[in-house]
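# Examination of the molecular architecture
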Number of protein chains: 2
Amino acid sequence: MTSLIDFDRLEAEVRSALARDDMDALRALLAAAYPPDVADIIDRLDDDDQVRVFRLLELEQAAEVLDETSVDATRELISELSTDEAAEILEELDSDDAAAILTEDVPERQQALLDAMDPEDAADVRALLRYPPQSAGRLMNDTFVAVRPGQTAAQALDELRAIVHDAAVIAYLYVLEGGGRLGGTLSLRKLLVAPPTQTVGELMRPRPLTVAPETDQEEVARIVARYDLAAVPVVHSDGRMLGVVTADDVIDILVEEGTEDVLRFGGVERGAADETYFTVPILQSVRRRIPWLLLLFVGGSITANVLGFFEGELQKLVALTFYVPLLIGTGGNTGAQTVSTLIRALALGEVRLRDIWRVLWRELAAGMALGVMLGGVALGKVLADGQVAALAATVALSVVAICTWANIIGALVPMAARRFNVDPALVSAPMITTLVDASGLAIYLLIAGALLRL
Amino acid sequence: MTSLIDFDRLEAEVRSALARDDMDALRALLAAAYPPDVADIIDRLDDDDQVRVFRLLELEQAAEVLDETSVDATRELISELSTDEAAEILEELDSDDAAAILTEDVPERQQALLDAMDPEDAADVRALLRYPPQSAGRLMNDTFVAVRPGQTAAQALDELRAIVHDAAVIAYLYVLEGGGRLGGTLSLRKLLVAPPTQTVGELMRPRPLTVAPETDQEEVARIVARYDLAAVPVVHSDGRMLGVVTADDVIDILVEEGTEDVLRFGGVERGAADETYFTVPILQSVRRRIPWLLLLFVGGSITANVLGFFEGELQKLVALTFYVPLLIGTGGNTGAQTVSTLIRALALGEVRLRDIWRVLWRELAAGMALGVMLGGVALGKVLADGQVAALAATVALSVVAICTWANIIGALVPMAARRFNVDPALVSAPMITTLVDASGLAIYLLIAGALLRL
């Protein structure tokens, strides 16, 4: 197992060889290492050493490493290579990986590099670039094992052997009929035990699951995950098979999408796939964040009106104000916990729409329990601040009411989103906080009015 | 492609057949459908119809469907089956899937069902249950293709053919030496083109990547994703190979872990793997949420002291209070956006520790830009409320300062977490909101003191 310790040792050995200028030792270390590990080490080196290490790699390993380095390192490495050298490495990569580097890492050199590449490889990459970013068309690999329905199992195995080294997937062979139309799939498991003379047409599974080249990568991942596929064929609307998206690619998508949900929950909508933190111009990131902040600001400004409405009470007892941020903060925190719990439960199918009453009952009970505990602490805090008992009681009672209320809102909003076919993952923590703020304030000041006879 | 439309049509046809009591039509519909689709339809049916549909499935399909139904439906279906019927279905499943159902869905019948199962299958399941939840040991499948170093390629292919139907993975064959010790892996791609008389020992890749049975599933997923593996062998500390975790399982883990990060960002730490939304007792969910809420409450109570400190100013101009929730809310929202952006960038390796100054510069600039725009809106809002110009200027200037400040805090905290080897995904929206609240208030009241000469 490549534990962290192994990786650290490898990095230390690489650095030591660099310091000693021992290129032979370095070359031996690198040749024995896995490309993702070499990529990570390059990411951690200074620019000069990055290039020194990279130049020691064999062509095939260099390509695999370049596919894994961070955007900054990839840019740096490509900028240090001549256009011809870089083109040669890109030719070595799968077209989808080359397309990703050309659009995400070095967009400004995309044309020059494509022109320098072998025309056939460049054509493959250009074909992928015609599809929208984050689509199946961008991710697909066009090297798959194609067989014809009339071939025998033995012939199909020969076809497989002929391109086994380059095929993106070998778990399935794809049965193409006239005009390259996908007629069915033949699993390698079935092929391996089939009588050699049986025909592919008899062995294949007709009407396989497919995606269109325009299908969004998230949908592709959903299909592969749902049906436990090793790969899914990408089929043009005219029935022609264009390529395959493999489980590897789906794993990469899932790693990326998982972090995207956190982004959404924080109230940020991510832009195009070819953006990374540093490649988005600051002004563009501001432009993307401002509409949402503005909406929340306008929504939040109701709190000013609520407080203005209770101006008389606040004038009479300024100490009332002291607990406003604490109360609405607690409401927001409680609500954020509930929303995130429900986003997960809805995503995993643990909670469905028809469960609404059970959910509300649970969150009502949990909110009251949380409120009673925090209310007890609040009581002590206000008394310790030297305030009158009636104010302490007001704050404590408000904590109970606000926690219960926030818990119910935090459950209702994601369920309502699902009901109206909006992705519950779009319900963000800031949205809930803002929703709970004004109502929480009103609850507090109404309780204060009643208890303190202001 | 199984689009939503296909699924809806299938569901409508199933419901119509149920209404007509046409069991033959129903059986034909189900036999042609994919198990995850059947599972989803069962999840949507009433309890009685769930059982009626399930009883029509062939044993193998019934097992695959039961593996995919929601916890509630699985419990319901198993409760309607006799112990022997349920045991027969569980025997049909892979041991890891049977173990998951027995611990997550029907823990109270685990012993009875295991006792009713075929002793050999039950022993396999019990072996998995010895490992901790969410570990490689729980996920692994013990049916893999084992070969010996002295065998020829042709013999290895025969071994593969003999268990190809049951093997969890065929992309790799595992080369076992004396005592079942894993000596290397042989990729099927290599085997397919190897000369029939070459030995496995010559063809294998020695020292493969492995995991221990105790390895956490998140780490297993990380390794499979990083090295693009189709499966990873699980190896005991004495070198014996116990099973394999496949890419399918990793895809399921990633789907689950992705939603887990949202949970953390909402300030909830998830419990054991065998819990789902409804299976956690309410009091236990309260017990899990309260420490964090309590900590935030205590932290947040500083805001009361900050306001108390400025009591004189607030007394003189009560309208100052009106904008407190709006200001700290805006700070919290801005900070939550920044944190979620950085959690993602750090997780994907787009930002590293040494980038700290570039990050701070970006977030400083972005925060000021956001602040200036929102400050303009704030100015209009306060004037529209009929307040004096000096108060409007105070609020507007505070928005600028608080947005900038929140943006910097929102960038610093996840980077600091990474620095001290804490997972940045543990930095939650509530944590940032609470951090920004008290400091934002102090900024506001200091600006008010200066501008309004209170």
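Okay, so let's go over this structure.

## What to know about the packing of aromatic side chains
As enumerated under the stated definition, the model contains 11 aromatic pairs over all chains in all. Between the aromatic rings of Phe265(A) and Phe265(B), the centroid separation amounts to 6.0 Å while the plane-to-plane angle is 75°, which identifies the pairing as edge-to-face. Remark: Phe265(B) occurs in helix α16 (residues 247-265) and Phe265(A) occurs in helix α16 (residues 247-265); the pair is interchain, linking two chains. Residue Phe265(B) is classed as buried on the basis of its relative accessible area, which comes to 0%. Three or more aromatic residues joined by ring pairs form one cluster here, namely Phe144(A), Tyr172(A) and Tyr174(A). In this arrangement the basic side chain of Arg419(A) is found over the ring face of Phe420(A), its NZ or CZ atom lying 5.3 Å from the centre.

## Structural notes on the sheet that holds strand β4 (residues 205-206) of chain A
Residues and elements named next belong to chain A. Taken in spatial order, the 4 strands make up an open sheet running β1-β2-β3-β4, and their pairing is mixed. The open sheet has two edge strands, β1 (146-147) and β4, and neither has a second partner. In this sheet, strand β3 (residues 182-187) lies alongside strand β2 (residues 172-176) in antiparallel orientation, the contact comprising 5 bridges. Considered in β3, the bridge of Tyr174 is made with Thr185.

## Topic: the pattern of salt bridges
For the coordinates displayed, the defined rule picks out 38 salt bridges over all chains. Note that Glu11(A) is salt-bridged to Arg44(A), the shortest N-O span being 3.5 Å. Residue Glu11(A) is located in helix α1 (residues 4-20), and its partner Arg44(A) is located in helix α3 (residues 35-44); the two are separated by 33 residues in the primary sequence. With a relative accessible area of 10%, Glu11(A) lands in the buried category. Accessibility expressed as a relative area gives 39% for Arg44(A), which makes it partly exposed. Note that Glu363(B) is salt-bridged to Arg289(A), the shortest N-O span being 3.6 Å. Remark: Arg289(A) occurs in helix α17 (residues 282-300) and Glu363(B) occurs in helix α22 (residues 356-384); the pair is interchain, linking two chains. Salt bridges sharing common partners tie together Glu11(A), Arg15(A) and Arg44(A).

## Details of the interface of chain A and chain B
The interface of chain A with chain B comprises 134 residues on the first partner and 134 residues on the second. Summing both sides of the interface, chain A and chain B together bury roughly 11,700 Å²; the carbon and sulfur share of this comes to 63%. Linking chain A with chain B are 8 salt bridges, by the criterion used here. A salt bridge links Arg352(B) to Asp43(A); the shortest N-O distance between them is 3.3 Å. The interface formed by chain A and chain B contains 36 residue pairs in polar contact (both at pLDDT 80 or more). Residue contributions to the side of chain A that touches chain B peak at 18 residues, all from helix α21 (residues 324-347) of chain A. Its residues assigned to classes, the side of chain A that touches chain B comprises 73 nonpolar, 28 polar and 33 charged.

## Some words on a nonpolar patch on the surface
Side chains of Leu294(A), Val298(A) and Val377(B) sit close together on the surface and give an oily, nonpolar patch of about 200 Å² of accessible area. Topologically, Leu294(A) is positioned in helix α17. We classify Leu294(A) as partly exposed; its relative accessible area is 30%.

## Let's talk about the nonpolar core
Val14(A), Phe54(A), Tyr174(A), Val245(A), Phe54(B), Tyr174(B) and Val245(B) are the most contacted members of the largest nonpolar core, which totals 153 residues. Apart from the residues within four sequence positions on either side, Phe54(B) is in contact with Ile42(B), Ala62(B), Val65(B), Leu66(B), Leu77(B), Leu81(B) and Ile89(B). One finds Phe310(A), Leu326(A), Leu441(A) and Leu445(A) within the second-largest nonpolar core, a separate group that totals 70 residues.

## Some points on α16(A)
All names here are of chain A. Between its first and last C-alpha, α16 extends 27 Å over 19 residues, near the 27 Å set by a 1.5 Å rise per residue. Most of α16 sits out of view: 15 of its 19 residues are buried. Where α16 ends, the next residue or the one after it, Gly267, has phi of about 85°, a positive value.

## A short note on the relation of the copies chain A and chain B
What connects the two chain copies is a rotation about an axis and a shift along it. Between chain A and chain B, which share one sequence, the superposing operator has a rotation angle of 180° and an axial displacement of 0.0 Å; the RMSD is 0.1 Å. Taken together, the rotation angle and the small translation identify this as a two-fold axis. Taking C-alpha positions as reference, the residue of chain A nearest the rotation axis is Gly258(A), located at 1.9 Å. Counting the interface residues of chain A, we find that 100% of their copies in chain B are interface residues as well, pointing to one common contact surface.

## Details of the packing of α22(B) against helix α23 (residues 389-419) of chain B
Residues and elements named next belong to chain B. At a closest axis distance of 7 Å, the pairing of α22 and α23 adopts a crossing angle of 155°. With respect to each other, α22 and α23 are oriented roughly antiparallel. For the pair α22 and α23, the sense of crossing is right-handed. Among the residues forming the contact of α22 with α23, the class breakdown is 25 nonpolar, 5 polar and 1 charged.

## Topic: the side chain of Gln151(A)
Residues and elements named next belong to chain A. Inspection of the secondary structure puts Gln151 in the loop between β1 and α12 (153-163). A polar contact is formed between the side chain of Gln151 and the backbone nitrogen of Arg148, at a distance of 2.8 Å. Engagement of the side chain of Gln151 in a polar contact is seen with the side chain of Glu159, the distance being 2.9 Å. With residues up to four places along the chain from it excluded, the contact list for Gln151 reads Glu159, Gln198, Thr199 and Val200.

Definitions and cut-offs
- Residues numbered from 1 in each chain as written.
- Chains lettered and ligands numbered in written order.
- Predicted model: local features only at pLDDT ≥ 70, side-chain atom pairs only at ≥ 80, totals over all residues.
- Heavy atoms only, no water.
- Phe/Tyr/Trp six-rings, centres within 6.5 Å; stacked < 30°, edge-to-face > 60°.
- Helix = DSSP H or I, 4+ residues; strand = E, 2+ residues; numbered from the N terminus.
- Buried < 20%, exposed > 50% of the residue type's maximum accessible area, 1.4 Å probe, protein only.
- Lys NZ or Arg CZ within 6 Å of the ring centre and 35° of its normal.
- Pairing = 2+ DSSP bridges.
- Salt bridge = Lys/Arg side-chain N within 4 Å of Asp/Glu carboxyl O.
- Contact = heavy atoms within 4.5 Å.
- Buried area = accessible area lost by both parts, 1.4 Å probe.
- Polar contact = N/O pair within 3.5 Å; in protein donor to acceptor, adjacent residues only side chain to side chain.
- Nonpolar A, V, L, I, M, F, W, Y, C, P; charged D, E, K, R; others polar.
- Patch = residues over 30% accessible without salt bridge, like charges linked within 9 Å, V, L, I, M, F, W, Y side chains within 5 Å.
- Areas by Shrake-Rupley, 256 points an atom, 1.4 Å probe, with all protein chains shown as cover.
- Core = buried A, V, L, I, M, F, W, Y, C linked by side-chain atoms within 4.5 Å.
- Expected span 1.5 Å × (residues − 1).
- Least-squares fit on C-alpha atoms with pLDDT ≥ 70 in both.
- Axes fitted to C-alpha atoms, helices over the stretch in contact; angles between N-to-C directions.
- Parallel < 35°, antiparallel > 145°, perpendicular 65-115°, else oblique.
- Left-handed = near helix turned anticlockwise from the far one by under 90°.

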